[in-house]
Amino acid sequence: MEFSQYDVNKLMYITNRPPLVFVEGDGMWLTDNNGKRYLDYLQGWAVNCLGHSPACIHDALVAQSKKLINPSPAFYNEPSIELAKLLTENSCFDRVFFANSGAEANEGAFKLARKWGKLHKNAAGENRYEIITFDHSFHGRTIAAMSASGKAGWDTIFAPQVPGFLKADLNDIASVEKLITDKTVAIMLEPVQGEAGVIPATREFMQALRALTKKHNILLIVDEVQTGMGRTGEMFAYQLSGIEPDIMTLGKGIGGGVPLAALLAREEIAVFEAGDQGGTYNGNPVMTAVGVAVAKALLAPGFLQSVQDKGNYLSQELIKLSNKHGLAGERGEGLLRALKLGKDIGPQIVDKARDLEPFGLLLNSPRPDLLRFMPSLNVTKEELDQMLTLLSVVLTELGQ
Ligand SMILES: *Cc1c(COP(=O)(O)O)cnc(C)c1O
(Lines give C-alpha, C1' and ligand atoms only; values in the text may rest on other atoms or scores of the structure.)
Protein backbone atom coordinates (compact mmCIF):
# COMPACT_ATOMS: atom_id res chain seq x y z
CA MET A 1 0.00 0.00 0.00
CA GLU A 2 1.30 3.44 -0.90
CA PHE A 3 1.95 5.95 1.81
CA SER A 4 0.01 8.69 -0.03
CA GLN A 5 -3.21 6.83 0.71
CA TYR A 6 -2.90 7.82 4.32
CA ASP A 7 -4.10 11.30 5.10
CA VAL A 8 -1.61 11.70 7.92
CA ASN A 9 -2.28 15.39 8.25
CA LYS A 10 -5.64 14.56 9.80
CA LEU A 11 -3.58 13.70 12.86
CA MET A 12 -2.75 16.82 14.86
CA TYR A 13 0.85 17.88 14.28
CA ILE A 14 2.97 17.26 17.39
CA THR A 15 6.39 16.20 16.08
CA ASN A 16 8.31 15.33 12.94
CA ARG A 17 7.92 11.68 12.00
CA PRO A 18 9.57 9.71 9.17
CA PRO A 19 7.23 8.96 6.23
CA LEU A 20 6.57 5.37 7.30
CA VAL A 21 3.40 3.68 8.45
CA PHE A 22 3.89 0.56 10.52
CA VAL A 23 1.42 -2.24 10.03
CA GLU A 24 2.85 -5.26 11.85
CA GLY A 25 5.11 -6.14 14.75
CA ASP A 26 6.67 -9.40 15.89
CA GLY A 27 9.20 -9.57 18.73
CA MET A 28 12.11 -7.24 17.91
CA TRP A 29 10.79 -6.60 14.38
CA LEU A 30 8.41 -4.09 12.80
CA THR A 31 7.08 -4.13 9.22
CA ASP A 32 5.99 -1.00 7.35
CA ASN A 33 3.24 -0.56 4.75
CA ASN A 34 5.70 -1.31 1.93
CA GLY A 35 6.70 -4.63 3.46
CA LYS A 36 10.15 -3.44 4.61
CA ARG A 37 11.27 -4.86 7.96
CA TYR A 38 13.05 -3.00 10.75
CA LEU A 39 14.98 -4.24 13.80
CA ASP A 40 13.39 -2.13 16.52
CA TYR A 41 15.56 -0.80 19.37
CA LEU A 42 12.89 1.67 20.50
CA GLN A 43 10.19 -0.85 21.35
CA GLY A 44 7.59 1.83 21.88
CA TRP A 45 10.04 3.82 24.05
CA ALA A 46 11.02 1.03 26.47
CA VAL A 47 7.38 -0.04 26.62
CA ASN A 48 7.26 -3.40 24.84
CA CYS A 49 9.23 -5.32 27.47
CA LEU A 50 8.26 -8.62 25.81
CA GLY A 51 8.59 -7.34 22.24
CA HIS A 52 5.89 -6.64 19.66
CA SER A 53 2.62 -8.59 19.98
CA PRO A 54 3.77 -11.37 22.33
CA ALA A 55 1.38 -14.33 22.64
CA CYS A 56 0.81 -13.80 26.38
CA ILE A 57 -0.51 -10.26 25.80
CA HIS A 58 -2.63 -11.31 22.86
CA ASP A 59 -4.09 -14.17 24.90
CA ALA A 60 -4.79 -11.96 27.92
CA LEU A 61 -6.56 -9.37 25.74
CA VAL A 62 -8.73 -11.96 24.05
CA ALA A 63 -9.59 -13.89 27.22
CA GLN A 64 -10.39 -10.83 29.35
CA SER A 65 -12.31 -8.96 26.65
CA LYS A 66 -14.53 -12.01 26.18
CA LYS A 67 -15.15 -12.14 29.92
CA LEU A 68 -15.51 -8.55 31.18
CA ILE A 69 -14.30 -5.24 29.71
CA ASN A 70 -15.54 -2.59 32.13
CA PRO A 71 -17.60 -2.95 35.30
CA SER A 72 -16.70 0.73 36.18
CA PRO A 73 -14.18 1.84 38.78
CA ALA A 74 -16.98 1.96 41.35
CA PHE A 75 -16.57 -1.83 41.74
CA TYR A 76 -13.71 -4.27 42.24
CA ASN A 77 -12.59 -6.49 39.37
CA GLU A 78 -10.42 -9.62 39.41
CA PRO A 79 -7.37 -8.71 37.26
CA SER A 80 -6.72 -5.40 39.07
CA ILE A 81 -6.69 -7.19 42.43
CA GLU A 82 -4.39 -9.89 41.07
CA LEU A 83 -1.96 -7.34 39.60
CA ALA A 84 -1.93 -5.25 42.79
CA LYS A 85 -1.07 -8.45 44.68
CA LEU A 86 1.80 -9.31 42.31
CA LEU A 87 3.25 -5.78 42.48
CA THR A 88 3.07 -5.45 46.26
CA GLU A 89 4.40 -8.98 46.91
CA ASN A 90 7.45 -8.20 44.79
CA SER A 91 8.24 -4.68 46.05
CA CYS A 92 8.41 -2.73 49.34
CA PHE A 93 4.99 -1.16 48.69
CA ASP A 94 1.57 -2.09 50.10
CA ARG A 95 -1.03 -0.15 48.09
CA VAL A 96 -1.56 0.37 44.35
CA PHE A 97 -3.62 2.82 42.29
CA PHE A 98 -3.79 2.00 38.58
CA ALA A 99 -3.73 4.77 35.96
CA ASN A 100 -3.41 4.98 32.17
CA SER A 101 -0.13 6.83 31.59
CA GLY A 102 3.09 7.63 33.37
CA ALA A 103 2.19 11.30 33.62
CA GLU A 104 -1.12 10.42 35.26
CA ALA A 105 0.61 8.11 37.76
CA ASN A 106 3.02 10.97 38.57
CA GLU A 107 0.10 13.38 39.03
CA GLY A 108 -1.22 10.88 41.56
CA ALA A 109 2.17 10.85 43.31
CA PHE A 110 2.17 14.67 43.59
CA LYS A 111 -1.36 14.60 44.98
CA LEU A 112 -0.57 11.84 47.47
CA ALA A 113 2.56 13.68 48.66
CA ARG A 114 0.65 16.96 49.05
CA LYS A 115 -2.14 15.18 50.93
CA TRP A 116 0.41 13.57 53.24
CA GLY A 117 2.03 17.01 53.72
CA LYS A 118 -1.33 18.37 54.81
CA LEU A 119 -1.63 15.63 57.40
CA HIS A 120 2.02 16.06 58.48
CA LYS A 121 2.34 19.84 58.77
CA ASN A 122 5.50 21.78 59.59
CA ALA A 123 6.35 23.24 63.02
CA ALA A 124 4.47 26.44 62.15
CA GLY A 125 1.32 24.40 61.52
CA GLU A 126 1.40 24.96 57.74
CA ASN A 127 0.84 22.43 54.96
CA ARG A 128 3.99 21.10 53.33
CA TYR A 129 3.79 20.85 49.52
CA GLU A 130 7.17 21.56 47.91
CA ILE A 131 8.66 18.70 45.90
CA ILE A 132 12.34 18.70 44.98
CA THR A 133 13.01 17.19 41.55
CA PHE A 134 16.07 17.24 39.31
CA ASP A 135 17.55 19.19 36.46
CA HIS A 136 17.13 17.32 33.12
CA SER A 137 14.50 14.99 34.63
CA PHE A 138 11.43 13.86 32.68
CA HIS A 139 8.15 13.13 34.44
CA GLY A 140 5.55 13.44 31.66
CA ARG A 141 3.50 15.98 29.74
CA THR A 142 0.62 17.15 31.91
CA ILE A 143 1.10 20.70 33.24
CA ALA A 144 2.11 19.49 36.71
CA ALA A 145 4.39 16.74 35.33
CA MET A 146 6.02 19.30 33.03
CA SER A 147 6.50 21.60 36.03
CA ALA A 148 8.18 18.74 37.88
CA SER A 149 10.41 17.98 34.88
CA GLY A 150 13.81 19.59 34.47
CA LYS A 151 13.79 19.63 30.68
CA ALA A 152 15.29 22.78 29.14
CA GLY A 153 12.61 25.24 28.03
CA TRP A 154 9.72 23.47 29.72
CA ASP A 155 9.53 26.14 32.42
CA THR A 156 8.23 28.68 29.88
CA ILE A 157 6.35 26.82 27.07
CA PHE A 158 3.01 26.70 28.86
CA ALA A 159 3.71 29.23 31.60
CA PRO A 160 2.72 29.69 34.31
CA GLN A 161 3.96 26.44 35.79
CA VAL A 162 2.38 24.65 38.71
CA PRO A 163 4.24 26.10 41.73
CA GLY A 164 6.12 24.04 44.30
CA PHE A 165 8.69 22.13 42.22
CA LEU A 166 12.35 22.96 42.93
CA LYS A 167 15.23 21.56 40.85
CA ALA A 168 18.43 20.07 42.27
CA ASP A 169 21.37 18.42 40.48
CA LEU A 170 21.45 14.64 40.16
CA ASN A 171 24.20 12.93 42.17
CA ASP A 172 24.88 16.12 44.14
CA ILE A 173 23.42 15.71 47.63
CA ALA A 174 24.49 19.22 48.72
CA SER A 175 22.35 20.71 45.93
CA VAL A 176 19.34 18.84 47.33
CA GLU A 177 20.01 19.74 50.95
CA LYS A 178 20.20 23.43 50.01
CA LEU A 179 16.62 23.35 48.65
CA ILE A 180 14.98 21.79 51.71
CA THR A 181 12.67 24.22 53.53
CA ASP A 182 9.94 23.79 56.14
CA LYS A 183 7.54 23.44 53.16
CA THR A 184 9.33 20.46 51.59
CA VAL A 185 7.20 17.34 51.48
CA ALA A 186 9.08 15.08 49.04
CA ILE A 187 12.06 14.45 46.82
CA MET A 188 11.33 12.76 43.50
CA LEU A 189 13.73 11.28 40.98
CA GLU A 190 14.19 8.77 38.19
CA PRO A 191 16.72 6.15 39.45
CA VAL A 192 18.14 6.32 35.93
CA GLN A 193 17.30 9.54 34.08
CA GLY A 194 15.98 8.24 30.76
CA GLU A 195 15.17 11.13 28.44
CA ALA A 196 18.19 13.04 29.81
CA GLY A 197 20.39 10.41 28.16
CA VAL A 198 20.41 7.36 30.48
CA ILE A 199 22.15 8.90 33.50
CA PRO A 200 22.07 6.60 36.55
CA ALA A 201 21.76 8.03 40.06
CA THR A 202 24.66 6.47 41.96
CA ARG A 203 24.06 3.96 44.74
CA GLU A 204 25.71 6.39 47.18
CA PHE A 205 23.39 9.21 46.05
CA MET A 206 20.25 7.05 46.43
CA GLN A 207 21.37 6.04 49.93
CA ALA A 208 22.20 9.65 50.85
CA LEU A 209 18.75 10.74 49.61
CA ARG A 210 17.08 8.10 51.73
CA ALA A 211 19.05 9.22 54.81
CA LEU A 212 18.32 12.89 54.13
CA THR A 213 14.57 12.34 53.62
CA LYS A 214 14.36 10.26 56.81
CA LYS A 215 16.21 12.95 58.77
CA HIS A 216 13.80 15.68 57.60
CA ASN A 217 10.67 13.48 57.64
CA ILE A 218 10.02 13.96 53.93
CA LEU A 219 8.97 11.41 51.33
CA LEU A 220 11.19 9.77 48.73
CA ILE A 221 9.39 9.20 45.42
CA VAL A 222 10.90 7.17 42.58
CA ASP A 223 9.57 7.67 39.06
CA GLU A 224 10.16 4.19 37.64
CA VAL A 225 7.99 4.70 34.57
CA GLN A 226 11.01 3.88 32.39
CA THR A 227 13.25 1.92 34.80
CA GLY A 228 10.61 -0.31 36.42
CA MET A 229 9.39 -3.76 35.39
CA GLY A 230 12.74 -5.45 34.87
CA ARG A 231 14.33 -2.86 32.57
CA THR A 232 17.49 -2.53 34.71
CA GLY A 233 17.80 -6.24 35.49
CA GLU A 234 16.03 -5.86 38.85
CA MET A 235 12.23 -5.81 38.96
CA PHE A 236 12.52 -2.15 40.09
CA ALA A 237 15.60 0.06 39.79
CA TYR A 238 15.45 1.25 43.43
CA GLN A 239 16.44 -2.32 44.35
CA LEU A 240 19.85 -1.72 42.75
CA SER A 241 20.74 0.70 45.55
CA GLY A 242 19.41 -1.25 48.54
CA ILE A 243 16.96 1.44 49.68
CA GLU A 244 13.19 1.47 50.16
CA PRO A 245 11.34 4.55 48.82
CA ASP A 246 7.91 5.72 50.06
CA ILE A 247 6.17 6.12 46.71
CA MET A 248 6.85 4.67 43.25
CA THR A 249 5.26 5.26 39.87
CA LEU A 250 5.22 2.76 37.00
CA GLY A 251 4.21 3.05 33.35
CA LYS A 252 5.67 1.94 30.04
CA GLY A 253 6.76 -1.69 30.67
CA ILE A 254 3.93 -2.48 33.10
CA GLY A 255 1.49 -2.80 30.18
CA GLY A 256 3.98 -4.30 27.72
CA GLY A 257 2.49 -2.04 25.01
CA VAL A 258 -1.03 -1.25 26.24
CA PRO A 259 -1.87 1.89 28.24
CA LEU A 260 -1.38 1.00 31.89
CA ALA A 261 0.43 2.77 34.73
CA ALA A 262 0.49 2.57 38.51
CA LEU A 263 1.07 4.59 41.66
CA LEU A 264 2.38 2.56 44.60
CA ALA A 265 2.87 3.59 48.21
CA ARG A 266 3.69 2.09 51.56
CA GLU A 267 0.63 1.58 53.77
CA GLU A 268 1.25 4.54 56.11
CA ILE A 269 1.73 6.89 53.15
CA ALA A 270 -1.45 5.82 51.32
CA VAL A 271 -3.59 8.59 52.85
CA PHE A 272 -6.13 9.32 50.11
CA GLU A 273 -9.67 9.70 51.43
CA ALA A 274 -12.84 9.00 49.45
CA GLY A 275 -13.02 11.35 46.48
CA ASP A 276 -9.36 12.46 46.53
CA GLN A 277 -8.29 10.27 43.61
CA GLY A 278 -10.00 8.42 40.78
CA GLY A 279 -10.31 8.11 37.02
CA THR A 280 -12.75 6.43 34.66
CA TYR A 281 -10.32 3.76 33.51
CA ASN A 282 -8.39 3.17 36.73
CA GLY A 283 -7.81 -0.55 37.12
CA ASN A 284 -9.65 -1.38 33.89
CA PRO A 285 -9.75 -5.21 33.79
CA VAL A 286 -8.59 -5.57 30.17
CA MET A 287 -5.43 -3.53 30.78
CA THR A 288 -4.71 -5.02 34.21
CA ALA A 289 -5.20 -8.54 32.80
CA VAL A 290 -2.39 -7.72 30.37
CA GLY A 291 -0.40 -6.36 33.34
CA VAL A 292 -0.80 -9.69 35.13
CA ALA A 293 0.45 -11.62 32.08
CA VAL A 294 3.45 -9.28 31.71
CA ALA A 295 4.36 -9.33 35.42
CA LYS A 296 4.20 -13.14 35.49
CA ALA A 297 6.55 -13.35 32.50
CA LEU A 298 9.05 -10.97 34.11
CA LEU A 299 8.89 -12.81 37.45
CA ALA A 300 9.38 -16.27 35.90
CA PRO A 301 12.52 -17.97 37.29
CA GLY A 302 15.67 -16.83 35.49
CA PHE A 303 14.06 -14.01 33.50
CA LEU A 304 15.56 -11.06 35.39
CA GLN A 305 18.94 -12.84 35.48
CA SER A 306 18.79 -13.09 31.69
CA VAL A 307 18.16 -9.32 31.49
CA GLN A 308 21.25 -8.72 33.67
CA ASP A 309 23.34 -11.08 31.53
CA LYS A 310 22.24 -9.47 28.25
CA GLY A 311 22.70 -6.00 29.76
CA ASN A 312 26.29 -6.89 30.66
CA TYR A 313 26.87 -8.32 27.20
CA LEU A 314 25.45 -5.23 25.47
CA SER A 315 27.57 -2.99 27.72
CA GLN A 316 30.78 -4.90 26.83
CA GLU A 317 30.00 -4.87 23.14
CA LEU A 318 29.15 -1.16 23.12
CA ILE A 319 32.52 -0.46 24.75
CA LYS A 320 34.22 -2.47 21.97
CA LEU A 321 32.23 -0.58 19.33
CA SER A 322 33.10 2.72 20.98
CA ASN A 323 36.82 1.86 20.93
CA LYS A 324 36.68 0.64 17.33
CA HIS A 325 35.03 3.86 16.08
CA GLY A 326 36.70 6.34 18.42
CA LEU A 327 33.49 7.21 20.32
CA ALA A 328 33.11 8.25 23.98
CA GLY A 329 32.02 5.06 25.79
CA GLU A 330 28.70 3.84 27.17
CA ARG A 331 26.58 3.87 30.32
CA GLY A 332 23.33 2.51 31.70
CA GLU A 333 21.76 -0.27 33.76
CA GLY A 334 20.49 -3.60 32.45
CA LEU A 335 18.83 -3.18 29.06
CA LEU A 336 18.54 0.60 29.29
CA ARG A 337 21.85 1.73 27.83
CA ALA A 338 23.39 4.64 25.96
CA LEU A 339 26.33 4.93 23.59
CA LYS A 340 28.17 8.24 23.99
CA LEU A 341 29.13 9.52 20.55
CA GLY A 342 31.42 12.39 21.59
CA LYS A 343 29.93 14.54 18.82
CA ASP A 344 26.48 15.53 17.57
CA ILE A 345 25.94 12.76 15.01
CA GLY A 346 23.03 10.97 16.73
CA PRO A 347 20.26 12.21 14.40
CA GLN A 348 22.35 11.36 11.28
CA ILE A 349 22.94 7.82 12.61
CA VAL A 350 19.21 7.38 13.33
CA ASP A 351 18.25 8.39 9.76
CA LYS A 352 20.92 6.31 8.07
CA ALA A 353 20.17 3.23 10.20
CA ARG A 354 16.47 3.45 9.38
CA ASP A 355 17.20 3.73 5.65
CA LEU A 356 19.50 0.68 5.53
CA GLU A 357 18.55 -2.02 3.00
CA PRO A 358 17.28 -4.72 2.81
CA PHE A 359 16.08 -4.07 6.34
CA GLY A 360 16.34 -1.05 8.58
CA LEU A 361 17.42 -0.48 12.16
CA LEU A 362 15.36 1.76 14.45
CA LEU A 363 17.43 3.70 16.98
CA ASN A 364 16.76 6.61 19.33
CA SER A 365 18.90 9.68 19.95
CA PRO A 366 17.47 11.52 22.97
CA ARG A 367 20.40 13.94 22.78
CA PRO A 368 22.40 14.65 19.60
CA ASP A 369 25.61 13.20 21.06
CA LEU A 370 24.03 9.98 22.30
CA LEU A 371 22.12 6.85 21.23
CA ARG A 372 19.76 5.11 23.64
CA PHE A 373 19.01 1.37 23.42
CA MET A 374 15.69 0.04 24.72
CA PRO A 375 15.33 -3.48 23.29
CA SER A 376 12.62 -5.83 24.50
CA LEU A 377 13.80 -7.64 27.64
CA ASN A 378 13.52 -10.99 25.82
CA VAL A 379 15.78 -9.79 22.98
CA THR A 380 18.16 -12.56 21.86
CA LYS A 381 21.95 -12.38 21.79
CA GLU A 382 21.72 -12.77 17.98
CA GLU A 383 19.46 -9.71 17.78
CA LEU A 384 21.94 -7.74 19.89
CA ASP A 385 24.79 -8.82 17.59
CA GLN A 386 22.74 -7.96 14.51
CA MET A 387 22.15 -4.42 15.82
CA LEU A 388 25.83 -3.95 16.72
CA THR A 389 26.90 -5.07 13.23
CA LEU A 390 24.42 -2.74 11.50
CA LEU A 391 25.42 0.16 13.74
CA SER A 392 29.08 -0.42 12.94
CA VAL A 393 28.24 -0.31 9.21
CA VAL A 394 26.41 3.01 9.65
CA LEU A 395 29.29 4.50 11.67
CA THR A 396 31.78 3.47 8.98
CA GLU A 397 29.55 4.96 6.26
CA LEU A 398 29.52 8.22 8.23
CA GLY A 399 33.32 8.18 8.23
CA GLN A 400 33.64 7.29 11.92
C1 LIG B 1 7.77 8.19 29.68
C2 LIG B 1 7.97 8.71 31.04
C3 LIG B 1 6.95 9.39 31.73
C4 LIG B 1 5.63 9.74 31.09
O5 LIG B 1 4.88 8.61 30.78
P6 LIG B 1 3.62 8.77 29.78
O7 LIG B 1 3.01 7.40 29.78
O8 LIG B 1 4.17 9.20 28.46
O9 LIG B 1 2.75 9.80 30.38
C10 LIG B 1 7.20 9.79 33.03
N11 LIG B 1 8.37 9.53 33.63
C12 LIG B 1 9.37 8.88 33.00
C13 LIG B 1 10.63 8.59 33.73
C14 LIG B 1 9.21 8.46 31.67
O15 LIG B 1 10.21 7.83 31.04
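Everything numeric in this text was worked out from a predicted model, so none of it was measured.

All told, the structure shown has 18 salt bridges when counted by the stated rule. In this structure, Arg-95 and Glu-267 form a salt bridge, with 3.4 Å as the shortest nitrogen-oxygen distance. Here the residue Arg-95 occupies a position in strand β4 (residues 95–99), and Glu-267 occupies one in the loop between β12 (261–265) and α8 (285–299), the gap between them amounting to 172 residues. Among the residues examined, Arg-95 registers a relative accessible area of 41% and is labelled partly exposed. With a relative accessible area of 48%, Glu-267 lands in the partly exposed category. The salt bridge partner of Asp-351 is Arg-354, with a shortest N-O separation of 3.2 Å. Linking Asp-351 with Arg-354, this pair stays in helix α10 (residues 346–354), spanning three residues, or about one helical turn. By relative accessible area, Asp-351 is classed as partly exposed at 38%. The exposure class assigned to Arg-354 is buried, which follows from its relative accessible area of 16%.

Attention now goes to the site of the ligand. As a matter of local geometry, the ligand sits amid Ser-101, Gly-102, Ala-103, Asn-106, Phe-138, His-139, Gly-140, Glu-190, Asp-223, Val-225, Gln-226 and Lys-252. Between the ligand and Ala-103 there is a distance of 2.8 Å, counted from an oxygen atom to a backbone nitrogen or oxygen. At a separation of 2.9 Å, an oxygen atom of the ligand approaches a polar side-chain atom of Gln-226. Summarising the interface, the protein chains cover 81% of the accessible area of the ligand, which totals 380 Å² for the free molecule. Of all the elements, helix α4 (residues 102–119) adds the most residues to the shell around the ligand, at three residues.

The seven strands are arranged β4-β12-β11-β10-β7-β5-β6 in an open sheet whose pairing can be described as mixed. Each end of this open sheet is capped by a strand with a single partner; those strands are β4 and β6 (165–168). Averaged over all adjacent pairs, the angle separating strand axes in this sheet is 20 degrees, with direction ignored. Pairing analysis gives four bridges linking strand β5 (residues 130–134) to β6, with the strands arranged parallel. Counterpart to Ile-132 in the pairing with β6 is Leu-166.

Segmenting the protein chain into domains produces domain 1 (5–54 + 302–397) and domain 2 (55–298). Here domain 1 and domain 2 have C-alpha centroids that lie 26 Å from each other. Counting residues at the interface gives 27 residues for domain 1, matched by 30 residues for domain 2. Summing both partners gives a buried area of about 2400 Å² for domain 1 against domain 2, and 61% of it is carried by carbon and sulfur. Broken down residue by residue, the surface that domain 1 buries against domain 2 is led by Pro-54, Glu-333 and Leu-336, which jointly contribute 25%. Arg-372 is the salt-bridge partner of Glu-195, the closest N and O atoms lying 3.0 Å from each other. Counting across the interface, domain 1 meets domain 2 through twelve residue pairs in polar contact (both at pLDDT 80 or more).

Before going further, it helps to examine a nonpolar patch on the surface. Taken together, the side chains of Ile-143, Ile-157 and Phe-158 define a hydrophobic patch exposed on the protein surface, amounting to about 300 Å² of accessible area. Along the chain, the position of Phe-158 falls in the loop between α5 (143–148) and β6.

When you line up the elements, Ala-145 lands in helix α5. Taking C-alpha positions, Ala-145 is 17 Å from Pro-191, a pair spaced 46 residues apart along the chain. With residues near it in sequence (within four places) discarded, Ala-145 still touches Ala-103, Glu-107, Phe-110, His-139 and Gly-140.

It is worth spelling out the sheet that holds strand β1 (residues 22–26) at this point. Pairing is mixed across the open sheet formed by four strands, whose spatial order is β1-β2-β3-β15. One side of each edge strand has no neighbouring strand; the edge strands of this open sheet are β1 and β15 (360–362). In this sheet, adjacent strand axes meet at a mean angle of 30 degrees when their direction is disregarded. As paired elements, strand β3 (residues 37–40) and β15 share three bridges and run parallel to each other. Looking across to β15, one finds that Asp-40 is bridged to Leu-362.

So, on to the pairing of strand β14 (residues 336–340). Within a regular strand, side chains alternate between the sheet's two faces. Of all five residues in β14, four are buried, a share of seventy percent or more. Where strand β13 (residues 330–333) meets β14, four bridges bridge the pair, whose relative direction is antiparallel. Each bridged residue has a counterpart across the sheet, and for Gly-332 the counterpart in β14 is Arg-337. Taken together, β13 and the strand that follows it, β14, pair antiparallel across an intervening segment of two residues, in which Gly-334 is found at a positive phi of about 55 degrees. Sheet analysis places β14 next to strand β16 (residues 370–373), joined by four bridges and oriented antiparallel. Bridge pairing links Lys-340 to Leu-370 in β16.

Tallied over the entire structure, the rule returns eight aromatic pairs. Look at Tyr-41 and Phe-373: their rings are 6.5 Å apart centre to centre, the planes differ by 80 degrees, and that puts the pair in the edge-to-face class. Taken together, the residues span a long stretch of sequence, with Tyr-41 in the loop between β3 and α1 (43–46) and Phe-373 in strand β16 at a distance of 332 residues. Take Tyr-41 and Phe-373: they sit in the same class, and that class is buried. Taken together, a centroid distance of 5.8 Å and an interplanar angle of 85 degrees make the contact between Phe-93 and Tyr-238 edge-to-face. Of this pair, Phe-93 sits in the loop between α3 (78–89) and β4 while Tyr-238 sits in the loop between β10 (219–223) and β11 (247–250); the two residues are 145 residues apart in sequence, bridging distant segments of the chain. Among the aromatic residues, those joined into a ring-pair cluster are Phe-93, Phe-236 and Tyr-238. Looking at Arg-37, its charged tip hangs above the ring of Trp-29, at a distance of 4.3 Å from the centre.

Conventions used here
- Residues numbered from 1 in each chain as written.
- Predicted model: local features only at pLDDT ≥ 70, side-chain atom pairs only at ≥ 80, totals over all residues.
- Heavy atoms only, no water.
- Salt bridge = Lys/Arg side-chain N within 4 Å of Asp/Glu carboxyl O.
- Helix = DSSP H or I, 4+ residues; strand = E, 2+ residues; numbered from the N terminus.
- Buried < 20%, exposed > 50% of the residue type's maximum accessible area, 1.4 Å probe, protein only.
- Near = heavy atom within 4 Å.
- Polar contact = N/O pair within 3.5 Å; in protein donor to acceptor, adjacent residues only side chain to side chain.
- Areas by Shrake-Rupley, 256 points an atom, 1.4 Å probe, with all protein chains shown as cover.
- Pairing = 2+ DSSP bridges.
- Axes fitted to C-alpha atoms, helices over the stretch in contact; angles between N-to-C directions.
- Domains from an automatic or database assignment.
- Contact = heavy atoms within 4.5 Å.
- Buried area = accessible area lost by both parts, 1.4 Å probe.
- Patch = residues over 30% accessible without salt bridge, like charges linked within 9 Å, V, L, I, M, F, W, Y side chains within 5 Å.
- Phe/Tyr/Trp six-rings, centres within 6.5 Å; stacked < 30°, edge-to-face > 60°.
- Lys NZ or Arg CZ within 6 Å of the ring centre and 35° of its normal.

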